[in-house]
Amino acid sequence: MRYAAPRVFSEMFMLTPFEIDQLAHNQLQDPYALLGPHQVEGVWEVRVLLPQARAVTLLDVVNGKTYPMHNRHHPLFFEVTLGETLPDYCLQVEREWGAQEILRDPYRYVPQVWGELDIYLFAEGNHHKIYEKLGAHPLVIEGVNGVYFSVWAPNAKNVSVLGDFNYWDGRPHQMRRLGMSGVWEVFVPGVQVGAVYKYEIKNQQGHIYEKTDPYGFQQEIRPKTGSIVTDLDRYTWGDQAWLEARAHRDPLRSPIAVFEVHLGSWLHASTDVPPAPEYAHTGKTPEESVVPSSEYKPYGRYLTYRELAAQLIPYVKELGFTHIELLPVAEHPFDGSWGYQVIGYYAATSRYGPPQDFMYFVDQCHQNGIGVIIDWVPGHFPRDGHGLAFFDGTHLYEYPDPRMGEHKDWGTLVFNYGRHEVRNFLIANALFWFEKFHIDGIRVDAVASMLYLDYSRKEGEWVPNQYGGREHIQAIEFFRQLNKTIFEKFPGILSIAEESTAWPMVTWPTHVGGLGFNLKWNMGWMHDMLDYFRLDPWFRQFNHNLVTFSIMYAFSENYMLAFSHDEVVHGKSHMIGKMPGDPWDKFASLRCLYGYMYTHPGKQTLFMGMEFGQWQEWNVWTDLEWPLLQYEPHIKLRQYIMALNQLLRSQPALYEKDIEPEGFQWIDCQDHSGVISFQRRGKNPEDTLVVVCNFAPILRGNYRIGVPERGFYRELLNSDALEFYGKGFGNLGGKWSEDHSYHHLPYSLELCLPPLAILVLKRDPDSLLPASGSGDSLQ
């Protein structure tokens, strides 16, 4: 709850018919100058504008006296002259249809929410909590409860609040403009949490636009488009220990395995009757929280945030992933956009419940040791009439020149990163999700589309920068400001760039000229590996560089290795379908690919359904293919993912020096028959791992590789193990080294390499091996 100071009133001259007429037609920028209580020649007058009112009476709430108000100047304009003392009053309104209402006069209370510093910081793009000023906020003034509304519309002629509380009529609650700031405000007494509202914006030509609140914290479920007043401070968090530990953790030197999820298609509810969730922290009644009937789907209705907390979190925890990454959960009008065409940047989508329930979901993730990353979309926004497009009758949030302000491929608009207030909108939005929803990271979508002025544009369809180049300098500065700000305020979090080009220094610090992200999706590795694994194994010998080239640049950036939703849609087939051969070969190849992914330098991301080998492409409208988990190959592939995550968490060599060249060394990368071997190293030399990948469908019985030390090398992982649906070939749990120099290393192992498999071995630090002159294995 926030408070404002009481109003200080001043002398006013008599009104003119012209001013009243302007007020009645929404043409004034300061309705407070005419409406509410004013002193005129030493006595108080009260003036109200009330459309659809037959009669209005001023009621003194202290002594019960009544004063009929008159509309002698205009049918909508009621006024009354009082004495030298202004009483605490209400308005008793008789509507044209006979209804009686008791209202508080909105112009009796002047909010003092904005200070000069707020306006200054917003104008320069550095108000990091601007969402506490703009938007709709419960407020108390002089003991009266209501909602404070504020919106930025600098080019508007007039702005009003619309809602059920004024019968969606823009005349009763006209807003005042705060000088040259372009900010409009009004306090509406009596409005409560849960009220639906919009802004009615009149441009200079008199055209009217009805817009949802850019800073609204909740929106109606599509196809409705209203904003909903909510109080985000009602939820009580229980994740303080998680947040404190996060602030002291270096994520780049910690295990990170991300499970990417689209909440609406992971699983639907099988029942036709919405369950009764808990309401302890939502502030809503059961009736308010029930999923509307419009949400029923052929596969069942959407699960709520609380139901997802009960089902998705245990599933991810059992698999062993460290983080859940959610496709955009900001409000969006079209399900088929997967959330990437955002309307409500400050509103968690209402598809799955109120924002307090999303807080509960994040809270439960943290209490179960799982971080939460959200996909964040500052690269574009849709043209929907109720959204940001042409917001105040001008190109306010977007560039006016379509050569900069449109993405024709997507049919969307581009934010004007050069306008301070727009940049402030976006940076404060990122901070908002960390502050209010306790998220642990953002994955910034479509970074390349922002960095290049000619992205997906033909010659003549783009505007060069001031130096004649294609680099989008304003977007570059936006990224630097974004990342510098969020890391200063929230240490230990993740900022991940989905950047698909060779743009340099994406994950380098801003003070040396980088963009400041701390991770970048390795799109090159992803494409190379999928191209390689699609090949018939016989042809892989001619494309060996596809599996080795990534090490050439692996430490130029901090990389995330991701197989995302984009790789299993639009005719690309799901992961298991990309693999060649018979069904056993497909599963073996997929296990080998995942194994190489987890042992390659970088962090890991897998999209839902990949963990058990879904066959059909991802479909946003349906569930995953859960029935497959009754079949052994799919059950055991899921067990394999659990084993990989356990390996990652338990072996420091896979994460401690993940971003340093010292953390990786080839043993042999030149065997074009389909075998690679390498070491992964941590801070402690005893943590070193030896990894061997056999990408050919050939059992190799006596394959020798060099190793750095003498001892027994235990087999930590064998993707061909029977428990993973393999054939059971291997090394009986491990091998003793031989005093036989190989691959420029002093010792060697003679291994059995299963077909289409990966081995991970680690020297037992307690093992001692006497010198062997013959070099024979002592196993």
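Reading the values: the criteria
Residues numbered from 1 in each chain as written. Predicted model: local features only at pLDDT ≥ 70, side-chain atom pairs only at ≥ 80, totals over all residues. Heavy atoms only, no water. Buried < 20%, exposed > 50% of the residue type's maximum accessible area, 1.4 Å probe, protein only. Helix = DSSP H or I, 4+ residues; strand = E, 2+ residues; numbered from the N terminus. Pairing = 2+ DSSP bridges. Salt bridge = Lys/Arg side-chain N within 4 Å of Asp/Glu carboxyl O. 1 Å grid on protein atoms, 1.4 Å probe; cavity = no way out; pocket = protein on both sides within 12 Å on 5 of 7 lines; lining within 4 Å. Points joined across faces, edges and corners; volume = space filled by probe spheres on them. Nonpolar A, V, L, I, M, F, W, Y, C, P; charged D, E, K, R; others polar. Axes fitted to C-alpha atoms, helices over the stretch in contact; angles between N-to-C directions. Contact = heavy atoms within 4.5 Å. Parallel < 35°, antiparallel > 145°, perpendicular 65-115°, else oblique. Left-handed = near helix turned anticlockwise from the far one by under 90°. Patch = residues over 30% accessible without salt bridge, like charges linked within 9 Å, V, L, I, M, F, W, Y side chains within 5 Å. Areas by Shrake-Rupley, 256 points an atom, 1.4 Å probe, with all protein chains shown as cover. Expected span 1.5 Å × (residues − 1).

J.: An account of the pairing of strand β26 (residues 494–497) is requested, with residue identities and associated values reported.
T.: Neither face of β26 is left uncovered, since the one carrying Leu494 and Ile496 and the one carrying Ser495 and Ala497 both have all their residues buried. Across 4 bridges, strand β25 (residues 441–444) lies against β26 in parallel orientation. Its bridge partner being in β26, Ile442 is matched across the sheet by Ser495. Both β26 and strand β27 (residues 519–521) contribute to a ladder of 2 bridges, which runs parallel.

J.: So, the pattern of salt bridges: which residues are in play, and what are the values?
T.: This model, assessed by the stated rule, comprises 37 salt bridges. Through salt bridges with shared partners, one network takes in Glu325, Asp375, Arg443, Asp445 and Glu498.

J.: How would you summarise empty space enclosed by the protein if you had to cite specific residues and measurements?
T.: Summed over the entire model, instances satisfying the criterion amount to 6 cavities of 30 Å³ or more. Its volume calculated, the largest cavity comes out at about 80 Å³. Split by residue class, the lining of the largest cavity holds 6 nonpolar, 3 polar and 2 charged.

J.: Please give an account of the sheet that holds β26 that cites residues and values.
T.: Within the closed barrel, the 8 strands sit side by side as β18-β19-β22-β25-β26-β27-β28-β29. Their pairing is parallel. Adjacent strand axes in the sheet meet at a mean angle of 25 degrees, parallel and antiparallel pairs treated alike. Its contacts with the sheet place helix α9 (residues 420–437) against β22 (371–376), β25 and β26, and it is angled at close to 155 degrees to β22.

J.: Would you mind going over the packing of α9 against helix α11 (residues 473–489) in detail, with residue names and values included?
T.: Relative to each other, α9 and α11 sit at 30 degrees, their axes nearing to 10 Å. With respect to α11, the axis of α9 lies roughly parallel. For the element pair α9 and α11, the recorded crossing hand is right-handed. Only Phe478, Gln481, Leu482, Thr485, Ile486 and Lys489 of α11 make contact with α9, whose side of the interface consists of Arg423, Leu426, Ile427, Ala430, Leu431 and Phe434.

J.: Outline a nonpolar patch on the surface, listing residues and values.
T.: There is a patch of nonpolar side chains on the surface, built from Trp538, Phe539 and Phe542 and spanning about 380 Å² of accessible area. Position of Phe542 among the secondary structure elements: in the loop between α13 (537–540) and α14 (545–548). According to the relative accessible area criterion, Phe542 is exposed, its value standing at 53%.

J.: Go over the pairing of strand β14 (residues 183–189), please, and point to the residues and values.
T.: Buried residues dominate β14, accounting for 7 of its 7 residues. Covered by surrounding structure in β14 are Val183, Glu185, Phe187 and Pro189 together with Trp184, Val186 and Val188, the residues of both alternating faces. Bridging between strand β11 (residues 144–152) and β14 involves 7 bridges; their strand directions are antiparallel. Note on β14: the bridge partner recorded for Val147 is Val188.

J.: An account of helix α17 (residues 632–650) is requested, with residue identities and associated values reported.
T.: For α17, built from 19 residues, the straight-helix expectation of 27 Å at 1.5 Å per residue is met to within 8% by its first-to-last C-alpha distance of 27 Å. If you check which residues of α17 are buried, you get Pro633, His634, Lys636, Leu637, Arg638, Tyr640, Ile641, Leu644, Asn645, Leu647 and Leu648. In this structure, the buried residues of α17 make contact with β18 (257–261), α6 (305–319), α16 (583–599), β29 (603–607), β34 (712–718) and β37 (757–763).

What is shown is where atoms sit, not what they do.
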